[in-house]
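A structural walkthrough
Each chain is listed here by its residues.
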Amino acid sequence: MAARERLREYLETQVGEDGCVRGPCESRVLESVLSLHLLEQLGLYPEVRGKISGYLRAQCIDERVDPLHAVLRRHALGESTRKDPEALRAYLARFNHFTHRRKQMMFSVLMAVLGLAPFDPGLTKEDFSGGGEEKYQSWVRVTVAALRILHAMGSGHPEWISPEDEELLTVTQSTNGARERPLLANILALLALRHFPQHHLSVQDGIDRLVSVQNADGGIPFITGMGIFCTATAGLALVEAGARRALLHRMADYLVGEQQPDGGWAYVQGVHQTDVDDTAYCLEFLRTLEPARYTRAIARAEAYLVDMQGSDGGFPTFVAGSKPEIAMTAGALNALAPNREQHAALIARGIRYITAHQKADGTFERSWSLSETNAIFRALLAMRLLPESASGLRQEVKRAEQASLEYLRRSQNEDGGWGQRASDASDPISTSYALIALSHFDEHATRERGVRYLVHQQQADGRFPSIPDQAGPRPIAYNVPVLSDIFALLALNHVLAMPACLAAREDASC
């Protein structure tokens, strides 16, 4: 298929000399508004502030789709309305996720810091305790400490602040500490530390690093990139598309060099917090490319994933023992699939967790992707791994597969594509996820319409631009543009691997 070849050639150009696909992140309104507020409060970097304001003025935001950023943009530009605070509350109330309470608390404090609403007198010190912060990744601990300080200072409760809070936040502004966290966590830490004159040097250092990552459009991104995640997923797509072996080995060698002592991988170089998602994709790529060459890295990654499974069968994202997630569970099972007999009991427990948490409409909880079809494709691939020893789950798996298939049929738009949720406008990356799922079912008509939609979205240079799909902090969207290209190639690989397509490769609809 010509579309796949053009896309493969484009993705090959995104691989650096060191083997990394950088995956830069586009600017986002949230970080830009908070950075502008911080710099205005301190009277620093007027030229940087001007560029941020220019970025915000250039944004055309559909308030029906993204009320959060529409409200924040208006506020930063002095155009707020009386309805804005309620619009923010209504937006956050729609998000059904186990992190919901923490997000409500975070945005309550941020609205007060920005002057959109008063500090909530109902919040107590215990609301900022984290409820077991030892199970949180490092940047969540930093975020909670920063929010505790900001609310305490704004609501007249300085006694809530501990020396440990101050120490934690000052450490974030060291060179290594700043790289460890998303920019949002570092911005919050700087907003909190500005209340302590004795930490002015740490604040100045942190601000210098913040302005150094300002994007060319004047905005500030959520993160500077997703090099490890993008390299692993691109490698998996490129090896199946027949890319040059030397290029693939360069990518794999880069990833092996970034494997952490615990056997896992982080999302980007310089971050030490490992996670199931990146580790699963790295493991899949290394094993697909050349397992004999990467035996030790593969064994260490397998051990990492095995240790992450909870007693209920599910896998969390970051820390063993924390809340499991469907997409992480499915990703881990898919990565462990080649050794399914060795891990038969583990896989059976994981599949049982997945089927038990499917929603009535055939979907699963959304995770780090905002698209329903992302969790669906990962779950469906995992459910097809059911070991012989778990035949008692076969009927449950069949029911779950049918429910998800019905959702995919029902949610397909007239143009043949899929959106992030049923009734949303079609976009290329959500459609790619759906096609990966459908490539394992006898659904020729549905799949053909989806492929036709997808190939018609391709640009002349081979790319597949799409809408922001990643979420962080969930449910706030951010965009890493190369991911839509990577998953489009993965989708075309899956479709073309089907027997019917192997016999008709020249058919653009196949």
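The following refers to the structure shown. (Residues numbered from 1 in each chain as written. Predicted model: local features only at pLDDT ≥ 70, side-chain atom pairs only at ≥ 80, totals over all residues. Heavy atoms only, no water.)

1. Considerations on the overall build of the protein chain
- When you go through the protein chain residue by residue, the secondary structure sums to 23 helices and four strands.
- Once the C-alpha set of the protein chain is aligned to its principal axes, its extents read approximately 70 × 45 × 45 Å.
- Within the protein chain, the fraction of its 510 residues that count as buried is 60%.
- At a minimum sequence separation of 6, the contacts of the protein chain that also span at least 24 residues come to 68%.
- Just so you have it, the protein chain exposes about 20,300 Å², and 51% of that area is on carbon and sulfur atoms.
- Once the 53 positive and 62 negative side-chain charges of the protein chain are each reduced to a mean point, those two points are 2 Å apart. (Helix = DSSP H or I, 4+ residues; strand = E, 2+ residues; numbered from the N terminus. Buried < 20%, exposed > 50% of the residue type's maximum accessible area, 1.4 Å probe, protein only. Contact = heavy atoms within 4.5 Å. Areas by Shrake-Rupley, 256 points an atom, 1.4 Å probe, with all protein chains shown as cover. Lys, Arg positive; Asp, Glu negative; His and termini not counted. Charge placed at Lys NZ, Arg CZ, Asp CG, Glu CD.)

2. Description of the environment of Gln-358
- Tracing the backbone through its elements, the reader meets Gln-358 in the loop between helix H17 (344–356) and helix H18 (372–383).
- Each C-alpha atom of the pair Gln-358 and His-272 lies 32 Å from the other, and the pair is 86 residues apart in sequence.
- Discounting residues that sit within four places of it in the chain, Gln-358 has contacts with Thr-363, Phe-364, Arg-399, Ala-400, Ala-403 and Ser-404.
- A distance of 3.3 Å separates the side chain of Gln-358 from the backbone oxygen of Gly-362, its partner in a polar contact. (Polar contact = N/O pair within 3.5 Å; in protein donor to acceptor, adjacent residues only side chain to side chain.)

3. Brief notes about the pattern of salt bridges
- Inspection of every chain in the model, using the stated rule, returns 20 salt bridges.
- The shortest N-O distance in the salt bridge between Asp-62 and Arg-64 comes to 3.2 Å.
- Where Arg-474 meets Glu-325, a salt bridge forms, and the shortest distance between an N and an O atom there is 2.6 Å. Residue Arg-474 is found in the loop between strand E3 (470–471) and strand E4 (477–478), and its partner Glu-325 is found in the loop between helix H15 (295–308) and helix H16 (326–336); the two are separated by 149 residues along the sequence.
- Residue classification places Arg-474 among the buried residues on the basis of a relative accessible area of 5%.
- We classify Glu-325 as buried; its relative accessible area is 2%. (Salt bridge = Lys/Arg side-chain N within 4 Å of Asp/Glu carboxyl O.)

4. Focus on the environment of Ile-467
- Mapped onto the secondary structure, Ile-467 falls in the loop between helix H21 (444–455) and E3.
- Its relative accessible area of 38% is what places Ile-467 among the partly exposed residues.
- With 28 residues separating them in the primary sequence, Ile-467 and Val-495 have C-alpha atoms 22 Å apart.

5. Focus: the side chain of Glu-365
- Among the structural elements, Glu-365 can be located in the loop between H17 and H18.
- At 3.1 Å, the side chain of Glu-365 and the backbone nitrogen of Ile-326 are in polar contact.
- When near neighbours in sequence (up to four residues on either side) are disregarded, Glu-365 contacts Pro-324, Glu-325, Ile-326, Lys-359 and Ala-375.

6. A few points about the layout of surface pockets
- The space that makes up the second largest pocket amounts to roughly 1,100 Å³.
- In this structure, the second largest pocket is lined by 36 residues; those nearest its centre are Val-65, Asp-66, Leu-370, Gln-420 and Ala-477.
- When contributions to the lining of the second largest pocket are tallied by element, the ones reaching two or more residues are strand E1 (27–28) and E4.
- Partitioning the lining of the second largest pocket into residue classes produces 15 nonpolar, seven polar and 14 charged. (1 Å grid on protein atoms, 1.4 Å probe; cavity = no way out; pocket = protein on both sides within 12 Å on 5 of 7 lines; lining within 4 Å. Points joined across faces, edges and corners; volume = space filled by probe spheres on them. Nonpolar A, V, L, I, M, F, W, Y, C, P; charged D, E, K, R; others polar.)

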